[in-house]
Amino acid sequence: MPAIRIDPSNGLKLFDTRASKASERIAGKGYSIVADEALTTLPELPPGASFNAEEQARYRAFKEARRGAADYIPMEGEFAKYLADVYSAEPIQRAPLTDECEILVVGAGFAGLLLWHKLRAAGFQDVRFCEKGGDVGGTWYWNRYPGIACDVESYSYLPLLEETGYVPTMKFASGFEILEYCQKLADQFGFYEHCLFHTTVEATEWDEAAGRWTVTTDRGDAMRARIVILANGILTTPKLARIAGMETFQGQAFHTSRWDYGVDLTGKTVGIIGTGATAVQAIPELAKTVGQLYVFQRTPSSVDVRDQRATSEEEFKSWAQEPGWARARRARFAKISQGRAAMKANDDYLAGKVPDFKVRKQYERELSPEELIAKQLDTNFRIMEQIRARVDAIVTDPQTAAALKPYYPYGCKRPTFHDEYLPAFNLPHVHLVDTAPTGVRQINARGVVHGEREYPLDVLIYATGFQWMATSTFNMITGRDGRTMRQTWEAEGVKTFLGLHAPGFPNLFIVTGPQGGGGSFNFTDAIESHGEYVVWMLQTMRERGAGVVDVRQGAADAYAEHCRTADIATAPLRDCLSYYNGHGDAEPGSLAYYGGGRWRRIRIEAQSTLEPYIFKDA
């Protein structure tokens, strides 16, 4: 089949650019089921646990000791090799495209797949997608490290379960299962024929006279599109910690987001830099394979109970007969406002067997916002005390246990969940190297150097994470004034409306970008809400005969100020250094927005009055 062909029914282009899998060795699993109850329950709350002045000072000291230590470099030049696509065969060859389409979407992960499902249902056919990977899946395409699994229960996380008739095999599905599910969605809903794989968008420029975007790519394309939708995710650009001598290491090295299954780790001496969400999942699996494992940690993660389980036969049977079961479950999930309660995912509540996920406290009077924050911090502290007590209960070496204890508010850094991570440090061949507070500062030809010691390694793995809402995405978009979106935001501050529109960038929609609300701890909620909104706007434009839509500056100013105010009000809950707040450097309100209910009210009012929008005839 040719890479590009014409659909005889409507004259639109169809594509066949999906790449084949690079190797059958690329396979794995996620969380194991752990039967030991001591590993799947938190210890009792230590007596006298109180977030008093002494504990608050300890949290501040823990944070301030690490300030400025987060220093990352782009994967460019000699480090570009860490971005290579190791999962697919060579890109399908095709001619560059210089034609026009109605809607161009950047990204083929969950957001892209859901958008296609909604757009197709609304009658939009002239839609194409650009995806830098060789297949669908987004984060689940790029992240295939051993042990990868979803931290949100898969019954609520995976979209379109009713439409596909699929039931996940595990409560917390493996990333490999999720990738296969993405491929199932693409097959079932005709997505593949609309996607240009191994195609990276390099620039998106607005042509005011034509009312079109020109989208150029690394494949020589210069496509024109009336509508551009950015659906390329919030954690898509890997980053490397800046470490002197990285380029001199003579062993094998790779980033966790490009896990090299061509490297045999059996019996090898392996080092992994980073102990965030990815490393917490990968380290237990590495420990089962390697000869020696050195874990280089700057800041410990909060490692909560996972308590994985398989989907029961009763669930498989009952859900198949229950229309809308997953949507109802996801709606109940969205009502949980506390992070740990959401991630623990109480089955009885989510299945609708009980009316609430917890017993609600009754107060004698209405509490002020400040008092509510204080109450949350107290509860938060008690959870963290139990998590720290879990470290002591599991890890046998006192020095290792002390280094593994996190001192910051729960959820301030991304929470992690695992029942095999902490026990791994009791194994004789697994070694924690505590590099607090500044992290690894030197690598040489043989391995990592820390303090007075050299750690010779056969393989070095970078688990150094991703850029949060990557600036590279916004550097490539040039709007009406000839400035990129990033330049505009640097000069004027991040100002959007609903996180989906930015003034001066007409016919552009940003899914799950800065200031984007409407979600919960379940990412699928946000992309559902944003997808529904985008389709509504496109239908509104079609009904009004409008070719262009922009938003009024005043609407964006007011919304951005609301985001800033909300961010400042809830800042005590995120009083640490993490990628959520630009490692302490982000302006309040410039990144994620923590106000889902208010976002929905602003959205509903805007859709009702249409006041924030400027429509221009086609």
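Residues numbered from 1 in each chain as written. Predicted model: local features only at pLDDT ≥ 70, side-chain atom pairs only at ≥ 80, totals over all residues. Heavy atoms only, no water.

Undergrad: Describe the sheet that holds strand E19 (residues 447-450), naming the residues involved and giving the relevant values.
TA: A sheet is described by the order of its strands in space; here three strands give the open sequence E18-E19-E20, paired in antiparallel fashion. Lying at the two open borders of the sheet, with one neighbouring strand each, are strand E18 (442-443) and strand E20 (453-456). Bridge count for E19 against E20 is four bridges, and the pairing is antiparallel. If you follow Gly447 over to E20, its bridge partner there is Pro456. (Pairing = 2+ DSSP bridges. Helix = DSSP H or I, 4+ residues; strand = E, 2+ residues; numbered from the N terminus.)

Undergrad: Please give an account of the packing of aromatic side chains that cites residues and values.
TA: All chains considered together, the criterion is met by 31 aromatic pairs. Residues Tyr87 and Tyr141 carry aromatic rings whose centres are separated by 5.9 Å and whose planes lie at 85° to one another, so their mutual orientation is edge-to-face. On the criterion of sequence distance, the pair formed by Tyr87 in the loop between strand E3 (72-73) and strand E4 (100-106) and Tyr141 in helix H3 (residues 139-142) is long-range, its members being 54 residues apart. The residues Tyr87 and Tyr141 share a single accessibility class, namely buried. Taken together, the ring pairs connect Phe51, Tyr59, Phe62, Phe381, Tyr407 and Tyr408 into an aromatic cluster. Here the basic side chain of Arg542 rests over the ring of Phe124, its NZ or CZ set 4.3 Å away from the ring centre. (Phe/Tyr/Trp six-rings, centres within 6.5 Å; stacked < 30°, edge-to-face > 60°. Buried < 20%, exposed > 50% of the residue type's maximum accessible area, 1.4 Å probe, protein only. Lys NZ or Arg CZ within 6 Å of the ring centre and 35° of its normal.)

Undergrad: Describe the pattern of salt bridges, listing the residues and the values that go with them.
TA: Following the criterion strictly, the structure yields 38 salt bridges and no others. A salt bridge links Arg5 to Glu193; the shortest N-O distance between them is 2.5 Å. With Arg5 in strand E1 (residues 4-6) and Glu193 in the loop between helix H6 (175-188) and strand E6 (195-196), this pair connects stretches of sequence that are 188 residues apart. Arg306 serves as the salt-bridge partner of Asp151, at 3.6 Å between the closest nitrogen and oxygen. Residue Asp151 is found in the loop between H3 and helix H4 (154-157), and its partner Arg306 is found in the loop between strand E15 (303-304) and helix H8 (313-320); the two are separated by 155 residues along the sequence. (Salt bridge = Lys/Arg side-chain N within 4 Å of Asp/Glu carboxyl O.)

Undergrad: Give me the packing of helix H17 (residues 523-544) against helix H19 (residues 596-609): which residues, what numbers.
TA: The contact between H17 and H19 brings their axes to 12 Å, and the two run at 10°. What the angle tells us is that H17 and H19 run roughly parallel. When H17 is examined against H19, the residues Ser529, His530, Glu532, Tyr533 and Trp536 are found in contact with a partner set consisting of Trp599, Arg600, Arg603 and Gln607. A per-class count over the contact of H17 with H19 returns three nonpolar, three polar and three charged. (Axes fitted to C-alpha atoms, helices over the stretch in contact; angles between N-to-C directions. Parallel < 35°, antiparallel > 145°, perpendicular 65-115°, else oblique. Contact = heavy atoms within 4.5 Å. Nonpolar A, V, L, I, M, F, W, Y, C, P; charged D, E, K, R; others polar.)

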